[in-house]
Amino acid sequence: MGSFRRSQQLIAACYARQLSRLAIHGTPQLARAPIRSGASPIASRSSRLQQSHFPRGFFSSRTRRQKETADGKRPLAVASVAISFIGGLLIYSLYPADELRQARLAKQAEKDLEKANDASKSQAEETAWSSFARRFEDFSNVTDIEWSSLSDRIVDLIVPEWSKAVPGQIRKLQRELSMADGSLASEIWQEAHDPFVHPEIQYSAKVRVSDELCDEEKEFLARRKKIATAALARYLGLNEKDINPDDVPTIAMCGSGGGLRALVAGTGSLLATQEDGLFDCVTYTSGVSGSCWLQSLYHSSLTNCRLDRIVDHLKARIGVHIAYPPAAFSSVTTSPTNKLLLSSVVEKLKGDDKADFGLVDVYGILLAARLLVPKGELGVNERDFKLSNQREYIKYGQNPMPIYTAVRHEIPDITGTEPKLSNTSPERAKEIARQEAWFQWFELTPYEFFCEEFNAGIPTWALGRRFKDGVDVPPEGNDFHLPELRMPIMMGIFGSAFCATLSHYYREIRPLVKSLTGFSTIDEMIYGYNKDLEKVHPVDPAQIPNFTYNMEGKLRFTTPTTIHNNEYIQLMDAGMSNNLPIYPLLRPGRDVDVIVAFDTSADVKTDNWLSVADGYARQRDIKGWPIGVGWPKGTDSAQKIEQQLDAAQASSAADAETKVQQAQRDQKMHQTKSNDEDQSAKAKHDVEHPEDSDLGYCTIWVGTTEERSSEPPPPTKALTDDTMAWQLTEPSAGITVVYLPFLANPKVDGVNPATSDYMSTWNFVYTPDQIDKVVALARANYAEGKDQIRRCVRAVYERKKKMREDCEAAARKERYRRLVRLGIADRLGEGDHFS
């Protein structure tokens, strides 16, 4: 019955359509005008024009129709159209319209589905740049709407004056990034194809798989050795001609993380070593977070490798917050800084369809706008915005080689989805997961971007390119390659401590939670899930192409099993793993003899980063590392333990019973206290009063290359003035660690790392007076131990000299004995006992 009705309706519709065609055929254009004009929205405004120029239709008066017929007009054609239309409506009304309505709905649904498919397809084909441009335009539009909805009176009363210009600045920035002709983004992308501006785009890059240093670094070491030889002679007061280059110890300095505190205090520490002559003897410097920013300033045209100029530059630039809108918008919207700051974003998103843009990128741009731009902004140098350009400052060995650090958080899969773990028990899967490296350390030098866990790296100038099977992939399918990833994005990665895990975040606020009444149970519950909190990052780390993509079976066995399947890797602040960048200095081939560590961490004692490095050295079986370095654990000193043992001696059985009961009561009372709170208070006290702490301004340990029979080996004791000379000159002496924590000093008033508010890691504003105080404190702390450090370097030099001379003497003796065996030496009559 339904099909019959539909057929009848179709017949009726076709009949009405045919009648309309027959009626309209041959009708003049003016005769059809009343129908269209009647349906037009402007019919009321043109009624007079229709009455004077167009004939009436079916409803005209008889007199009018007779007059029009006498004049030769054809109103019947118009009438036939009206009759046909009314007839079609009557025929349509004779049949039910449910089927037709359903057919229309089905057709409309089909059209909607096609539109949705087209939309999803276009969204899937949307590139990284088009997605960024669309989102930024939406943000600009929303800003305009939100600001326009506020009255001028409210704006004047609530928000500051500069906020009125924010919508205009955002709109201006959106236009510059629109990729339209003449826009800043278009100019940047055109220059990205210019080999005169970016010479590296002409060359293809390959992944270097090796456990050796790159050739450029080996050449640097040979040249730096000559510079260090002359510097060591001046530092120790020796004659340069008497020094053999082989006797010169390889000295490295590392600076901890800590934001601007690490940057300012690190500048003061290095300035003190430069004035003392030690810095010129250094071969490597390594940094985390703010110390990386320090290295980027030192190897730039802003300072030309002068630490005193860094102090002046910081006074001129970090007095304004990095996110202060007027200064930030001025940097990214005005020339010449806008092109240099935004080039990395345009090249990254336009050259890679799958690239990502996030909070770390914005953070890096804001940092670079304050740190890489000089006062006045006109003297900004584009060469300071590429890390590989720092080769100019070390190519002759005239300065130490900087090592920048970042880490990738590897979270092993223990759910059984990976082939490696699919056929194993849950317990075995967890054991395998624990053996996987949680953090892979990546190092960046002016020569190479390298990961020791992979034993693989790429040239620094190829950073930012996509790789597949060990070879870079051109983004446009031709010989064009992307320019090097710029320093703004890299500075954001180096200092992205806010990409920490939930475990790190909770560790910061845990003392506050525990101090609240009734929250101890909640703290225990949360801390019980600490292992799960270590796997969650509230803020996504920065994403860069993975140079080991599709290289399965070609890398070191320590490489995580899933790394080959990922086209991109996420990098973050290396302070998430260890706030002291000692690991790169232990890499084979660098053969570092002395490590000078400046620790400006927020809590140098509680964090105890030297102890973390100690675990790394044991895991990697680093020979010569001093076992047990760092702040002593939360136990009593040996002297105090000895006193307690003497006091615990009982003279009788009754006395012994009394002492046991007293000890049980003391233990019960002690357990009611929070050990964490006690340790925190003790750590704060030690920072404020170094004279009472376990470690002072300068502590030195030395390892041994001898095999230890005990497992685990006994901890290494810190050197004293009496033991330093003979322990450092022992032939079996290993790596020497000089540790200088950032502590309060009574010689410098008005600054205390434990109590001064502006010393917080999250403070981004320092006044010139505060900078002077922090620098003065760092220099005063170094002065406390500089004589000790000089004696240490002298002892290491004497040991290497003695070992070389012993080796040469042994070699001469071996040659002599060989000549004797050959009968060449000591012939008859030349002094033997037969003559």
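Residues numbered from 1 in each chain as written. Predicted model: local features only at pLDDT ≥ 70, side-chain atom pairs only at ≥ 80, totals over all residues. Heavy atoms only, no water.

A.B. asks: Lay out the pattern of salt bridges in plain terms, naming residues and giving numbers.
C.D. replies: What the rule picks out here adds up to 29 salt bridges. A salt bridge links Glu-448 to Arg-208; the shortest N-O distance between them is 2.8 Å. With Glu-448 in strand 6 (residues 448-451) and Arg-208 in strand 1 (residues 208-209), this pair connects stretches of sequence that are 240 residues apart. Between Arg-223 and Glu-219 there is a salt bridge, with its nearest N and O atoms 2.8 Å apart. Of the two residues, Arg-223 and Glu-219 are both situated in helix 11 (residues 215-236); the distance of four residues between them amounts to about one turn of the helix. Taken together, the salt bridges that share partners define one network made up of Glu-217, Glu-443, Arg-587 and Arg-590. (Salt bridge = Lys/Arg side-chain N within 4 Å of Asp/Glu carboxyl O. Helix = DSSP H or I, 4+ residues; strand = E, 2+ residues; numbered from the N terminus.)

A.B. asks: Report on the packing of helix 13 (residues 290-298) against helix 14 (residues 307-317), specifying residues and quantitative values.
C.D. replies: Between helix 13 and helix 14, whose axes approach to 10 Å, the crossing angle comes to 110°. For the element pair helix 13 / helix 14, the angle class is roughly perpendicular. In this structure, helix 13 meets helix 14 at a crossing whose hand is right-handed. Contacts between helix 13 and helix 14 involve Leu-294, Leu-297 and Tyr-298 from the first element and Leu-307, Ile-310, His-313 and Leu-314 from the second. Looking at the contact of helix 13 with helix 14, its residues break down into six nonpolar, one polar and no charged. (Axes fitted to C-alpha atoms, helices over the stretch in contact; angles between N-to-C directions. Parallel < 35°, antiparallel > 145°, perpendicular 65-115°, else oblique. Left-handed = near helix turned anticlockwise from the far one by under 90°. Contact = heavy atoms within 4.5 Å. Nonpolar A, V, L, I, M, F, W, Y, C, P; charged D, E, K, R; others polar.)

A.B. asks: Give me the state of the cysteines: which residues, what numbers.
C.D. replies: All chains considered together, the criterion is met by zero disulfides. In this model Cys-698 remains outside any disulfide bridge; the closest cysteine sulfur is found in Cys-792, 8.1 Å from its own. By relative accessible area, which is 11% here, Cys-698 ends up buried. (Disulfide = S-S within 2.5 Å. Buried < 20%, exposed > 50% of the residue type's maximum accessible area, 1.4 Å probe, protein only.)

A.B. asks: Which residues make up the pairing of strand 14 (residues 733-741), and what values do they have?
C.D. replies: Taking burial as the measure, the nine residues of strand 14 include nine buried ones, the bulk of the element. In terms of strand pairing, strand 12 (residues 594-599) meets strand 14 through six bridges, oriented parallel. For Ala-597, the partnering residue across the bridge sits in strand 14 and is Tyr-739. As paired strands, strand 13 (residues 699-704) and strand 14 are joined by five bridges and run antiparallel to one another. (Pairing = 2+ DSSP bridges.)

A.B. asks: Kindly report on unusual backbone geometry, identifying the contributing residues and their values.
C.D. replies: Omega for the bond connecting Ser-335 with Pro-336 falls within 30 degrees of zero, at 5°, which places this linkage in the cis form. Look at Cys-305: it is not a glycine, yet its phi comes out positive at around 65°. Note on placement: Cys-305 falls in the loop between helix 13 and helix 14. Taking relative accessible area as the criterion, Cys-305 reaches 9% and is therefore assigned buried. Positioned with a positive phi, Glu-377 is a non-glycine residue whose angle comes to about 70°.

A.B. asks: I'd like to hear about the environment of Gly-628, residue by residue, with values.
C.D. replies: Note on placement: Gly-628 falls in the loop between helix 24 (609-620) and helix 25 (638-647). Judged by relative accessible area, which is 28%, Gly-628 ranks as partly exposed. Sequence-wise, Gly-628 and Thr-716 are 88 residues apart; in three dimensions their C-alpha atoms are separated by 5.7 Å. Setting aside chain neighbours within four positions, we find Gly-628 in contact with Asp-614, Arg-618 and Pro-715.

A.B. asks: Just give me the short version of a nonpolar patch on the surface, but keep the residues and values in it.
C.D. replies: Residues Trp-162, Val-320 and Tyr-324 make up a contiguous nonpolar surface patch of about 240 Å² in total accessible area. One can find Trp-162 in the loop between helix 8 (152-158) and helix 9 (166-176). By relative accessible area, Trp-162 is classed as partly exposed at 33%. (Patch = residues over 30% accessible without salt bridge, like charges linked within 9 Å, V, L, I, M, F, W, Y side chains within 5 Å. Areas by Shrake-Rupley, 256 points an atom, 1.4 Å probe, with all protein chains shown as cover.)

A.B. asks: I'd like a description of the side chain of Asn-338, backed by residues and values.
C.D. replies: By the element assignment, Asn-338 lies in helix 16 (residues 337-351). Ignoring sequence-local partners within four residues, the contact set of Asn-338 consists of Leu-184, Ser-331, Val-332 and Thr-333.

A.B. asks: Lay out empty space enclosed by the protein in plain terms, naming residues and giving numbers.
C.D. replies: Summed over the entire model, instances satisfying the criterion amount to six cavities of 30 Å³ or more. Lining the largest cavity we find 20 residues, and of these Gly-255, Leu-270, Thr-285, Ser-286 and Leu-294 sit closest to its centre. Of all the secondary structure elements, the ones that give two or more residues to the lining of the largest cavity are strand 2 (251-255), helix 12 (259-276), strand 3 (282-287) and helix 13. Per-class residue counts for the lining of the largest cavity are nine nonpolar, eleven polar and no charged. Each pocket or cavity is described by its volume, and for the second largest cavity that value is around 130 Å³. Forming the boundary of the second largest cavity are 18 residues, of which Glu-347, Lys-348, Gly-464, Leu-482 and Leu-485 lie nearest the centre. Listing elements by their share of the lining of the second largest cavity, those giving two or more residues are helix 16 and strand 10 (542-545). By residue class, the composition of the lining of the second largest cavity is eight nonpolar, three polar and seven charged. (1 Å grid on protein atoms, 1.4 Å probe; cavity = no way out; pocket = protein on both sides within 12 Å on 5 of 7 lines; lining within 4 Å. Points joined across faces, edges and corners; volume = space filled by probe spheres on them.)

A.B. asks: Could you give an account of helix 16, with specific residues and numbers?
C.D. replies: Between its terminal C-alpha atoms helix 16 stretches 21 Å, which fits the 21 Å expected from 15 residues at 1.5 Å a residue. In the structure, helix 16 departs most strongly from a straight axis at Ser-343, where the bend amounts to approximately 40°. Extensive coverage of helix 16 is indicated by the burial of 13 of its 15 residues. (Expected span 1.5 Å × (residues − 1). Bend = angle between axes of the 7 residues up to and from the residue.)

A.B. asks: Quick one: what's the story with the sheet that holds strand 1, residue by residue and with numbers?
C.D. replies: Spatially, ten strands are ordered 1-7-6-5-4-3-2-12-14-13 in an open sheet, and the strand pairing comes out mixed. Two strands lie at the open edges of the sheet, namely strand 1 and strand 13, each paired on one side alone. Here strand 2 runs beside strand 12; their pairing, made up of five bridges, is parallel. Looking at strand 12, one finds that Ile-251 is bridged to Val-594. Relative to strand 4 (residues 401-409), helix 13 is tilted by about 145°, and along the sheet it contacts strand 2, strand 3 and strand 4.

A.B. asks: Go over the packing of helix 14 against helix 17 (residues 359-371) with me, naming the residues and quoting the values.
C.D. replies: Viewed as axis vectors pointing N to C, helix 14 and helix 17 meet at an angle of 115°, and their least axial separation amounts to 9 Å. In terms of axis orientation, helix 14 runs roughly perpendicular to helix 17. Two secondary-structure elements touch here, helix 14 through His-313, Leu-314 and Arg-317 and helix 17 through Ala-369, Arg-370 and Leu-371. Considered class by class, the residues forming the contact of helix 14 with helix 17 number three nonpolar, one polar and two charged.

A.B. asks: Describe in detail helix 24, supporting the description with residues and values.
C.D. replies: With twelve residues, helix 24 ought to run about 16 Å at 1.5 Å a step, and its terminal C-alpha atoms sit 17 Å apart, in line with that. Within helix 24, the full set of buried residues consists of Trp-609, Leu-610, Ser-611, Ala-613, Asp-614, Tyr-616 and Ala-617. For helix 24, the elements touching its buried residues are strand 12, helix 23 (604-607), strand 13 and strand 14. Backbone geometry just after helix 24 places Asp-621 at a positive phi near 55°.

A.B. asks: Help me get a handle on the confidence of the model for the protein chain, residues and values and all.
C.D. replies: Looking at the protein chain as a whole, its pLDDT mean stands at 77, while 65% of the residues score no less than 70. Confidence, read as mean pLDDT per element, is least for helix 2 (residues 33-39) in the protein chain (41) and greatest for strand 3 (98). The low-confidence segment residues 73-78, where pLDDT is below 50, has eight contacts with residues more than four positions distant or belonging to other chains. (pLDDT = per-residue confidence, 0-100.)

A.B. asks: Talk me through the side chain of Glu-347; I want residue IDs and the actual numbers.
C.D. replies: The residue Glu-347 is located in helix 16 in this model. When near neighbours in sequence (up to four residues on either side) are disregarded, Glu-347 contacts Ile-188, Trp-189, Ala-192, His-198, Asp-352, Leu-482, Pro-483, Glu-484 and Arg-486.

A.B. asks: Please set out the environment of Gln-727 residue by residue, giving values where relevant.
C.D. replies: Along the chain, the position of Gln-727 falls in helix 28 (residues 724-728). Gln-727 has contacts with Val-702, Leu-719 and Ala-733, leaving out every residue within four places of it along the chain.

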